[in-house]
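Chain residues, written in single-letter form:
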Amino acid sequence: MATLLRSKLSNVATSVSNKSQAKMSGMFARMGFQAATDEEAVGFAHCDDLDFEHRQGLQMDILKAEGEPCGDEGAEAPVEGDIHYQRGSGAPLPPSGSKDQVGGDGEFGGHDKPKITAWEAGWNVTNAIQGMFVLGLPYAILHGGYLGLFLIIFAAVVCCYTGKILIACLYEENEDGEVVRVRDSYVAIANACCAPRFPTLGGRVVNVAQIIELVMTCILYVVVSGNLMYNSFPGLPVSQKSWSIIATAVLLPCAFLKNLKAVSKFSLLCTLAHFVINILVIAYCLSRARDWAWEKVKFYIDVKKFPISIGIIVFSYTSQIFLPSLEGNMQQPSEFHCMMNWTHIAACVLKGLFALVAYLTWADETKEVITDNLPGSIRAVVNIFLVAKALLSYPLPFFAAVEVLEKSLFQEGSRAFFPACYGGDGRLKSWGLTLRCALVVFTLLMAIYVPHFALLMGLTGSLTGAGLCFLLPSLFHLRLLWRKLLWHQVFFDVAIFVIGGICSVSGFVHSLEGLIEAYRTNAED
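Numbering of residues starts from 1 in each chain and follows the order in which that chain's sequence is written. Two thresholds apply to this predicted model, a pLDDT of at least 70 for residue-level local features and 80 or more for giving and counting side-chain atom pairs, whereas whole-chain, interface and lining totals are computed over all residues. Hydrogens and waters are ignored; side-chain quantities use all the structure's heavy atoms.

1. Here's the deal with the overall build of the protein
No. 1: Counting from the N terminus, the helices are the DSSP runs of H or I reaching at least four residues and the strands are the DSSP runs of E reaching at least two. When helices and strands are counted, the protein shows 17 helices and two strands.
No. 2: Think of it in three bands: with a 1.4 Å probe and only protein chains considered, a residue is buried below 20% of the maximum accessible area for its type, exposed above 50%, and partly exposed in between. Buried positions account for 52% of the 525 residues belonging to the protein.
No. 3: Contacts: residue pairs with any heavy atoms within 4.5 Å of one another. By sequence separation, contacts in the protein at least 24 residues apart represent 79% of the contacts at least 6 residues apart.

2. Some details on the packing of aromatic side chains
No. 1: Paired rings are identified among Phe, Tyr and Trp, the last through its six-membered ring, by centres lying within 6.5 Å, and are further divided according to the angle between planes into stacked (under 30 degrees), edge-to-face (over 60) and tilted (the rest). According to the stated counting rule, one finds 10 aromatic pairs in the structure shown.
No. 2: The interplanar angle of 40 degrees and the centroid separation of 5.0 Å between the aromatic rings of tryptophan 119 and tryptophan 342 together place this pair among those described as tilted. Linking tryptophan 119 in helix H3 (residues 118-129) with tryptophan 342 in helix H12 (residues 336-362), this pair joins segments that are 223 residues apart in sequence.
No. 3: Classification of tryptophan 119 as exposed rests on a relative accessible area of 66%.
No. 4: The class for tryptophan 342 is partly exposed, based on a relative accessible area of 30%.
No. 5: Their ring planes at 20 degrees and their centres at 6.0 Å tell us that phenylalanine 150 and phenylalanine 154 sit as a pair that is stacked. Note that phenylalanine 150 and phenylalanine 154 are positioned in helix H4 (residues 137-168) at a spacing of four residues, about one turn of the helix.
No. 6: Taken together, Tyr161, Phe491 and Phe492 form an aromatic cluster joined through their ring pairs.
No. 7: Both a distance and an angle decide whether a charge sits over a ring: NZ of Lys or CZ of Arg must be within 6 Å of the ring centre and within 35 degrees of the ring normal. Positioned above the aromatic ring of tyrosine 317 is the side chain of lysine 351, whose terminal nitrogen or guanidinium carbon lies 3.5 Å from the ring centre.

3. Quick word on the nonpolar core
Considering soluble globular proteins, one finds that nonpolar side chains tend to be buried as a cluster.
No. 1: Side-chain atoms within 4.5 Å link the members of a nonpolar core, which is a set of buried Ala, Val, Leu, Ile, Met, Phe, Trp, Tyr and Cys residues. Counting 120 residues, the largest nonpolar core has Tyr317 and Tyr394 as the members making the most contacts within it.
No. 2: If near-sequence neighbours (up to four positions away) are discounted, tyrosine 394 is found in contact with Cys218, Tyr221, Val222, Leu251, Cys254, Val440 and Thr443.

4. Remarks on unusual backbone geometry
No. 1: Each neighbour pair has its own omega, and for alanine 195 with proline 196 the value is 0 degrees, a cis peptide bond.
No. 2: Counting through the fold element by element, proline 196 comes out in the loop between helix H5 (186-194) and helix H6 (201-232).
No. 3: Positioned with a positive phi, alanine 363 is a non-glycine residue whose angle comes to about 50 degrees.
No. 4: If you trace the backbone, alanine 363 turns up in the loop between H12 and helix H13 (376-393).
No. 5: Residue classification places alanine 363 among the buried positions, given a relative accessible area of 8%.

5. Comments concerning the packing of helix H10 (residues 306-315) against helix H16 (residues 453-481)
No. 1: Note on geometry: axes are C-alpha line fits, over the in-contact stretch for helices, and angles between N-to-C directions span 0 to 180 degrees. It is the contact of H10 with H16, at a shortest axis distance of 7 Å, that shows an interaxial angle of 60 degrees. Looking at the two axes, H10 sits oblique to H16. Where H10 crosses over H16, the two elements pack in a sense that is left-handed. Seen from H10, the contacting residues are Pro307, Ile308, Gly311, Ile312, Val314 and Phe315; seen from H16, they are Ala454, Leu455, Met457, Gly458, Thr460, Gly461, Ser462, Gly465, Ala466 and Phe470. Roughly parallel means an angle under 35 degrees; roughly antiparallel means over 145; roughly perpendicular covers 65 to 115; every other angle is labelled oblique. By convention, the crossing between two helices is left-handed when the near helix turns anticlockwise from the far helix through less than a right angle, and right-handed when the turn is clockwise.

6. Considerations on the environment of cysteine 437
No. 1: Tracing the backbone shows cysteine 437 in helix H15 (residues 430-449).
No. 2: Sequence-wise, cysteine 437 and leucine 252 are 185 residues apart; in three dimensions their C-alpha atoms are separated by 7.1 Å.

7. Some remarks on the packing of H6 against H16
No. 1: With their axes 10 Å apart at the nearest point, H6 and H16 run at an angle of 155 degrees to one another. Classed by the angle they form, the pair H6 and H16 counts as roughly antiparallel. Pair H6 / H16 crosses with left-handed handedness. Here H6 contributes Val206, Ala209, Ile212, Glu213, Met216, Ile219, Leu220, Val223 and Val224 to the contact with H16, which in turn contributes Phe453, Leu456, Met457, Thr460, Leu463, Thr464, Gly465, Leu468 and Leu472.
No. 2: Amino acids are sorted into nonpolar (Ala, Val, Leu, Ile, Met, Phe, Trp, Tyr, Cys and Pro), charged (Asp, Glu, Lys and Arg) and polar (every other residue, Gly among them). Within the contact of H6 with H16, the residues separate by chemical class into 14 nonpolar, three polar and one charged.

Given below as structure tokens:
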């Protein structure tokens, strides 16, 4: 009898512990900390899908802790206390856009997802467009002058507009004339545009663009880490390439990541630290306001280098790839437009002021990463914090890129090109680990052979940033909703597509030429 009583008490204690842990994690997820992963692009579309699956795991654990049935009766119960997302545990989620995700009214309400407020959604968007890559904006003003400032405003307006029309592509009218959500992701929109002839072509194009942007973001983190450390300690006999190798050695454990639970804990701290660093830079620039070189701000542009600045500015605004998931998780989706307005207005004002103030302070001496212009005593401290932020931010786009590659090439099924990376017990197989290590090494090699922050940022912004933020949203909007558009909407979409295409091609060509020229110079040295 005593043994039975102790067993029951132990079970009750375990249940209460699991329940409280799951509710606490669910609370943080609802507050947006899990979704507010990184501020770059990254954006990062696939992180939202992973976050949704993680939250689904939290909901399942809460139900099981309360004794409610969930899933198949014959399914194996998860390990007690294990509430994080795991591959192969529990029933798989239906694919994006599947009917299992659609509720009875045609909306995507089949799953009881935690919802976030407009302020929390705005925090996520702010993280995406106010990242550490704004440190390259003063360099864009160096080559663009007042036109560079205009482009910061123009890019904010266009990206805000294309974000809204991208969300509009998620909805259609049903037979009763009601507007309902029939798609759930950027990939689903792309596939709908290419249907029925090529039902998966659009999704593949978006996935390729997404992978390129995520991998290039990882490369930029390694480049900026090596650059900052080299300029912080110029007296040490360590080259920038050697610092990049050291940074990559620190990042190698990313290959063993199975979920974002541990990494996401640092996201809020990283973001707050970055805002503090921006404030410190602006405060230093204001202290030298008497020496500002207004005469150095030009009305003419450097024809050869200005297209690179376009890519830098566009890359700093990339957030479209995760907006569909974000809008679907909002408590009041009708507040999405208002949220996009104030987040992009704030980003435009802050970026413009930061870029202008920093350029006025150092004028023609402005470097690719503006913190390299700070005095040695301040620079070392600020750069160390920035390196720590870059290293902590690296796992997020890396993990998202790995997930896209694994699901595209290694997922189990008839369409997979290679065997699955995970075994039946959920453990990572040897070739899966090899893939991850190879991706880390690839980012290192790119950072070593092309250690140019501004050129890489301009190349990425011109190639994938302009495509995902300008070209594809306007094209999809015209393709799916052209019968319902007013003439000025058609004009805006066509104008954005044409201007975006010109900027993309011009920026890509000039960035590529700059990279080739820089590579030849390094080879000669």
